[in-house]
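# Breakdown of the fold
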Amino acid sequence: MMRPLLLAGLCATAAALAPPGAPRTLKTRRQAAVAEPDAKAKVSSANAKRQVGNDAFLNKDLRARARGGTGVTSKSKLKVGIVGAGLAGMVCAMDLADAGHDVEIFELRPFVGGKVSSWKDKDGNHIEMGLHVFFGCYFNLFRLMARSGAIQNLLPKDHTHTFCNKDGDVRELDFRFLVGDVKIGAPFHGLKAFFTTPQLEPIDKAANALALGTSPIVRALVDPEGGMQDIRNLDDVSFADWFRSHGGSNESMKRMWDPIAYALGFLDCEDISARCMLTIFQFFATKTDASVLRMLAGSPDNYLISPIREYIEKRGGVIHTGQGCKEVLWEDGPDGTPVVKGLKINRGSKAKVVTADAYVAALDVPGAKRLIPQDWRRMPMFDKIFDMDGVPVMTVQLRYDGWVTEMKDPAKVKQLGKEHKDVASGIDNLLYSPDADFSCFADLALTSPWDYFKEGEGSLMQCVITPPGNGVVSGKDYEPLQNDKIIALADGQVRDLFPSARNLELKWGNVVKIGQSLYREKPGMDAFRPDQKTPISNFFLAGSYTKQDYIDSMEGATLSGRQCAARVTEAAAGLSKAAAKQTTSAAA
């Protein structure tokens, strides 16, 4: 009886500390700069609400359109050229094709999917660009997956977040909350999870309660958009500074929040923006299933990207791989503003010029920097992109001859066979660790068995090392190391975490290195993120680094792609007239 009373009391305390009408905010020097009056020259957090979809991020109608399509057929049919076949570019193409436009995508790599891509090596092993976890608050992506037929490829995990400490000490942040047969939801399930987790000491749990109970999350319980605006206003503050200023402890960051921050943005709490972390926590607090984790049943290429590709191609879209854009061809218009005239596309040693009515650069930050002409930096929106950078990351795959995370029954550790259901054993979920250089990881043979379980073999651990230049625990610089050395170091740390792995044989390993992955969501960077609509009338941007109300993620990429498609469709009439005028002038 005491626990429900305690939770109810905590909710009342939190509400009293931060009533919806009086949210706590922190003013910073950068916020003052962003508030300057030159709106066209600034890309500030205040502009986020005015973007397509951003003022309806929690709106059911927006999510319905993600599932059912745009519901709009453009009266002015455009030919649209998209550079980049990552998730943002492909989502943009889906919406544009549904709106009736002709879409052509050009991708430099021999495969599509961008940071969500995967492929097979010469021995048939599926290689991923990174570890892909689907949070329950990926509303737009889930509905888009339903639209493409991929939603059945997601496997939900137990509603708990699992922390693996050294020597087999596994502890949970458990959101499962039942009173009898009644499932208790948000926000009480979250309060229960944080107050009962053994991952933190009692004093740290109390500090957590104080910090989260005096955060914009409380306002979001009754005013989601108001709470989100308060969170936007915290972009210039690191999560660590915000957390400590609200009574949070360094030890709780070390044991819990740093691993979560690394999983979200490949940065620790000292370096990641409070906006980034609190955006996620808002959904965890207000939506019961937002903290439920899902993973694909197999490889991203087979079970996420291929259905989207087929959707686009069935609607007349064309996707070219192995064809990168070398140069944007442009000239200044009568008013001095550039107008794009075409794309110089390379295919091996040959080049061709592709023309369209509208052009989309659906790239990550380093890709956008390479594509954007230097002369365009005279426009503040483009120049600000060059102040952004990406975070390096390494993904290590390790195949064993047994089940690494099976610590309850020693007899099952070496139980191998033909059928997954008969022999697979261990922890089937995303895993975090404060005691390894890989702060998040998973056994793909358990979580995503359709492609990763192999007859006669055991665990396939996929471990994300970040930052690779300075290991969280070891302090090692992985970047100059050969792959076999990286594999050996990761294998050693797996054995440190799991006694059950110490007598297993490592059968195979692989390393994927990305010099710049997610954009660095450090404090103050939200003001540098560009809108999808640019000062150039026929040139648009997509990518999770562009302005949208979520973090750099698969959901963020989905939002940016949808917002970009909406911007193009909004401009269709004007672009169609401009194209007709150009054709007439050329004929004359």
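Residues numbered from 1 in each chain as written. Predicted model: local features only at pLDDT ≥ 70, side-chain atom pairs only at ≥ 80, totals over all residues. Heavy atoms only, no water.

As a further point, take the overall build of the protein. When its secondary structure is counted, the protein shows 22 helices and 22 strands. Counting over 588 residues, the protein shows a buried share of 58%. Across the protein, the fraction of contacts at a sequence separation of at least 24, relative to all contacts at a separation of at least 6, is 71%. Just so you have it, the protein exposes about 23,400 Å², and 51% of that area is on carbon and sulfur atoms. (Helix = DSSP H or I, 4+ residues; strand = E, 2+ residues; numbered from the N terminus. Buried < 20%, exposed > 50% of the residue type's maximum accessible area, 1.4 Å probe, protein only. Contact = heavy atoms within 4.5 Å. Areas by Shrake-Rupley, 256 points an atom, 1.4 Å probe, with all protein chains shown as cover.)

All chains considered together, the criterion is met by 26 aromatic pairs. With a centroid separation of 5.0 Å and 25° between ring planes, the pair formed by F163 and Y432 is classed as stacked. Here F163 is found in strand β7 (residues 160-165), whereas its partner Y432 is found in strand β18 (residues 431-432), with 269 residues between them in sequence. Assessed through its relative accessible area of 0%, F163 is described here as buried. In this structure Y432 comes out as buried when scored by relative accessible area, which is 1%. Sitting over the ring of Y311, R315 keeps its end group 3.5 Å from the ring centre. Positioned above the aromatic ring of F528 is the side chain of K384, whose terminal nitrogen or guanidinium carbon lies 5.9 Å from the ring centre. (Phe/Tyr/Trp six-rings, centres within 6.5 Å; stacked < 30°, edge-to-face > 60°. Lys NZ or Arg CZ within 6 Å of the ring centre and 35° of its normal.)

This paragraph deals with the packing of helix α9 (residues 224-232) against helix α12 (residues 274-286). Running from amino to carboxyl end, α9 crosses α12 at an angle of 160°, the nearest separation of the two axes being 9 Å. Classified by the angle between their axes, α9 and α12 sit roughly antiparallel to one another. Read as a crossing pair, α9 and α12 show a hand that is right-handed. Along the contact surface, α9 presents P224, G227, M228, I231 and R232, while α12 presents R275, L278, T279 and Q282. Of the residues in the contact of α9 with α12, the class split is 4 nonpolar, 3 polar and 2 charged. (Axes fitted to C-alpha atoms, helices over the stretch in contact; angles between N-to-C directions. Parallel < 35°, antiparallel > 145°, perpendicular 65-115°, else oblique. Left-handed = near helix turned anticlockwise from the far one by under 90°. Nonpolar A, V, L, I, M, F, W, Y, C, P; charged D, E, K, R; others polar.)

On to the sheet that holds strand β8 (residues 169-174). Taken in spatial order, the 7 strands of this open sheet run β8-β7-β18-β19-β20-β17-β21, and their pairing is mixed. If you trace the sheet from one side to the other, it starts and ends with β8 and β21 (506-514), each paired once. (Pairing = 2+ DSSP bridges.)

With that settled, the discussion passes to the side chain of H161. Counting through the fold element by element, H161 comes out in strand β7. A polar contact is formed between the side chain of H161 and the backbone oxygen of S291, at a distance of 2.8 Å. With sequence-adjacent residues up to four places away left out, H161 is seen in contact with F135, R171, E172, L173, F175, F284, S291, L293 and Y432. (Polar contact = N/O pair within 3.5 Å; in protein donor to acceptor, adjacent residues only side chain to side chain.)

Right, let's get into the pairing of strand β1 (residues 79-83). Of all 5 residues making up β1, 4 are buried, and the element is well covered by its neighbours. Pairing geometry for β1 and strand β2 (residues 102-107), over 5 bridges, is parallel. Each bridged residue has a counterpart across the sheet, and for V80 the counterpart in β2 is V103. Regarding topology, helix α4 (residues 87-98) serves as the crossover connection from β1 to the parallel β2, and that connection is right-handed. Where β1 and strand β16 (residues 358-362) come together, 4 bridges link them in parallel fashion. Bridge pairing links V80 to A358 in β16. (Right-handed = clockwise from strand over helix to strand, strands pointing away.)

Further remarks concern the confidence of the model for the protein. The predicted model of the protein averages 88 in pLDDT, with 86% of residues at 70 or higher. In this model, residues 1-59 is a region of pLDDT below 50 whose contacts with residues beyond four sequence positions or in other chains number 106 contacts. (pLDDT = per-residue confidence, 0-100.)

Nonpolar side chains tend toward joint burial in soluble globular proteins. Core analysis: the largest hydrophobic core is formed by 111 residues, its most contacted members being I82, F134, F239, W257 and V360. With 9 residues, α12 is the largest single contributor of residues to this core. Setting aside its immediate chain neighbours within four residues, W257 contacts F194, N208, L212, F239, F243, S252, C269, M277 and F281. With 30 residues, the next largest nonpolar core counts L343, Y359, M525 and L541 among its residues. (Core = buried A, V, L, I, M, F, W, Y, C linked by side-chain atoms within 4.5 Å.)

What follows concerns the environment of E479. Structurally, the position occupied by E479 is in the loop between β20 (460-465) and α20 (483-497). Judged by its relative accessible area of 41%, E479 is partly exposed. Taking the C-alpha atoms as reference points, E479 and M394, 85 residues apart in sequence, are found 8.7 Å from one another. Apart from the residues lying within four places of it in its own chain, the contact partners of E479 are P392, M394, P468, G469 and K513.

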